[in-house]
Amino acid sequence: MKKFAVIGKDVSKSLSPEIHKFIAENTGSLIEYEKVSVPETGFENNIKKLFSEYDGLNVTIPFKISVINHLNKIEGDAKIFGAVNTVRTGDKSGYNTDGLGFMLMLKNNGIDVRGKTVLVLGAGGAGRSVAKKLSDVGADVSVYDKNFEKAKTLKNEFCKIRAVESIDLKSYYAIINASGVGMHATEGVSPVNEDLLSLCSVAIDLIYEPEKSEFLKIAEKCGKKAVNGKAMLFYQAYYAQRIFLNKSADEREAKKLFAKYTEGSK
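Residues numbered from 1 in each chain as written. Predicted model: local features only at pLDDT ≥ 70, side-chain atom pairs only at ≥ 80, totals over all residues. Heavy atoms only, no water.

## Focus: the overall build of the protein
- Scanning the protein from terminus to terminus reveals ten helices and twelve strands.
- In terms of overall size, the protein behaves like a compact globule, its C-alpha atoms giving a radius of gyration of 18 Å where 266 residues would be expected to give roughly 18 Å.
- Viewed in the frame of its principal axes, the protein has a C-alpha envelope of about 55 × 40 × 35 Å.
- In the protein, which comprises 266 residues, the share counted as buried stands at 50%.
- Once local pairs closer than 6 in sequence are excluded, the contacts in the protein between residues at least 24 apart make up 61%.
- When the accessible area of the protein is evaluated, it comes to approximately 12800 Å², of which 48% is carbon and sulfur surface.
- When the 39 basic and 33 acidic side-chain charges of the protein are each reduced to a single mean position, those positions are 4 Å apart. (Helix = DSSP H or I, 4+ residues; strand = E, 2+ residues; numbered from the N terminus. Rg over C-alpha atoms; globule rule 2.2 N^0.38 Å. Buried < 20%, exposed > 50% of the residue type's maximum accessible area, 1.4 Å probe, protein only. Contact = heavy atoms within 4.5 Å. Areas by Shrake-Rupley, 256 points an atom, 1.4 Å probe, with all protein chains shown as cover. Lys, Arg positive; Asp, Glu negative; His and termini not counted. Charge placed at Lys NZ, Arg CZ, Asp CG, Glu CD.)

## Observations concerning the packing of aromatic side chains
- Taken as a whole and judged by the stated rule, the model has nine aromatic pairs.
- Their ring planes at 65 degrees and their centres at 6.3 Å tell us that F22 and F234 sit as a pair that is edge-to-face. Of the two residues, F22 sits in helix α1 (residues 16–25) while F234 sits in helix α9 (residues 230–244), which places them 212 residues apart along the sequence. Taken individually, F22 and F234 each receive the classification buried, so the pair is uniform in this respect.
- When the centroid spacing of 6.1 Å and the interplanar angle of 80 degrees are considered together, the rings of F234 and Y235 count as edge-to-face.
- Members of the aromatic cluster, each reached through a chain of ring pairs, are F22, F234, Y235, F258 and Y261.
- Taking NZ or CZ as reference, K116 lies 4.2 Å from the ring centre of Y173, over its face. (Phe/Tyr/Trp six-rings, centres within 6.5 Å; stacked < 30°, edge-to-face > 60°. Lys NZ or Arg CZ within 6 Å of the ring centre and 35° of its normal.)

Nothing here speaks to function; it is geometry throughout.
Written out as structure tokens, the structure is:
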């Protein structure tokens, strides 16, 4: 039986075990999946042991970059993003499935960003992934981060992206919250107000807990399409598991699995 785990500074509330076990059970695979919280100072001392104990690891905050030093190779989006969220320990190869998960979430919600203006809030790991993917498919992407230097760094790396120092009151097709504002200590807070959200067509929050963030509540009140980030979480896990098991991914299968998962969790 293959054994996997999610590792991060604090993964005590992670849904990864639940999602991975669900995917495995519904695709005829037999796996074990655990969550392992690792203190930042203990990462270097623990990573080799974790590689030996598990067949694959999902990597989350704050180890997506530091894990790269322990890998033999990185593939696909991991090369572009400079961050890894999936490690196959057998050959010490690293991948990033966040962008794939995000784009499939858009597709399955009927959201086509090609040639349209998009504002991404947050230039951290999630913001970087989605901004790059959006730019690749021909969206006109602006990125805002309260730390303007982070947005500028992103713009310098991916030259098609625009870094904005402040958010002007203008119309965007989609506004994507990748800032983390609205969860944990900031629950009930929206990163932007109704004046801006009323001008967009689609509001996407990468936060999946709470299910309806203040950002999405405001968007819905304005009559806008509102999308919660749980589908992205599910789809990136689906792609990661395909990598772990060395199996090809199928978008239709992923869509059916997510529908069944959400139906079962209601």
